[in-house]
Amino acid sequence: FVPPKSSFYWNEISYTNLRHVSTFDKGSKIYIGGSVSHLLSLRMNERWDSSMINFEGGGFLNASGLYTRDFYFFNKPIKGNFLLSIPLFGYLIRPNYTGVPNFINHEIPFLKEFYGNGYFVSFFSFPRLKSRIWMDYPISSGNRIQFGYEWDNYSFKNPHTISATSHTFSLNFLLKTR
């Protein structure tokens, strides 16, 4: 038995607005606010029927919190950050043929079937948790290097159960221009 495998593509665009609410000690701060995000999760299977493409897509309003801490490494200041986002409510599209082999209803137009299964969701019907940890380390001339890790997990039960997790490591160069 060869288990099925799929290619996994994940795209998310988000805007976060946070307000400073507390300072613990020198260099530790907490920010709380909200964010708006769009998620597209796509899996391509090695099949040639309607179950070949599985996806979820939607827009969400999230509650977000950020903890920052300043510390020193080799006598250079580093800013450590931890961000947590939880969706409060949103709208999710997941076609009814997603993941079902050989299921296409030819009597319904494709786009109507494609967008016909939209769901208003809340945290209880679409549990999702997104966390991101990153550190900014100064290099030369005001430029910075950023190391990060992001973990994102969600599950949904309509029309069929899905549970997806994403692990992302990042290395970014933040360059100062003028």
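Structure's up top.
So, here is what we can say about the structure in this document. (Residues numbered from 1 in each chain as written. Predicted model: local features only at pLDDT ≥ 70, side-chain atom pairs only at ≥ 80, totals over all residues. Heavy atoms only, no water.)

Here we take up the overall build of the protein. Looking only at helices and strands, the protein features one helix and eight strands. Scanning the protein from its N terminus toward the C terminus, one meets helices and strands in the order β-β-β-β-α-β-β-β-β. Looking at the protein as a whole, 33% of its 178 residues are labelled buried. Sequence separation of at least 24 residues holds for 62% of the intrachain contacts in the protein that already meet a minimum separation of 6. (Helix = DSSP H or I, 4+ residues; strand = E, 2+ residues; numbered from the N terminus. Buried < 20%, exposed > 50% of the residue type's maximum accessible area, 1.4 Å probe, protein only. Contact = heavy atoms within 4.5 Å.)

Here Thr-177 lies in the segment after strand E8 (162–174). Of the residues examined, Thr-177 reaches a relative accessible area of 68% and is grouped as exposed. Residues Thr-177 and Asn-143, 34 residues apart in the sequence, show an inter-C-alpha distance of 9.0 Å.

Positive phi values are uncommon outside glycine, yet Phe-74 reaches one of about 55°. Mapped onto the elements, Phe-74 comes out in the loop between strand E3 (53–73) and strand E4 (76–93). Look at Asn-75: it is not a glycine, yet its phi comes out positive at around 60°. Locating Asn-75 in the fold gives a position in the loop between E3 and E4.

With that settled, consider the pairing of strand E5 (residues 118–122). With burial as the criterion, only one face of E5 is covered, namely that bearing Tyr-119 and Val-121; the residues Gly-118, Phe-120 and Ser-122 on the opposite face remain uncovered. In this structure, E4 lies alongside E5, joined through five bridges in antiparallel fashion. Pairing of Gly-90 across the sheet is with Val-121, part of E5. (Pairing = 2+ DSSP bridges.)

Let us now look at a nonpolar patch on the surface. Taken together, the side chains of Ile-139, Phe-147, Leu-171, Phe-173 and Leu-175 define a hydrophobic patch exposed on the protein surface, amounting to about 520 Å² of accessible area. By relative accessible area, which is 52% here, Phe-173 ends up exposed. (Patch = residues over 30% accessible without salt bridge, like charges linked within 9 Å, V, L, I, M, F, W, Y side chains within 5 Å. Areas by Shrake-Rupley, 256 points an atom, 1.4 Å probe, with all protein chains shown as cover. Salt bridge = Lys/Arg side-chain N within 4 Å of Asp/Glu carboxyl O.)

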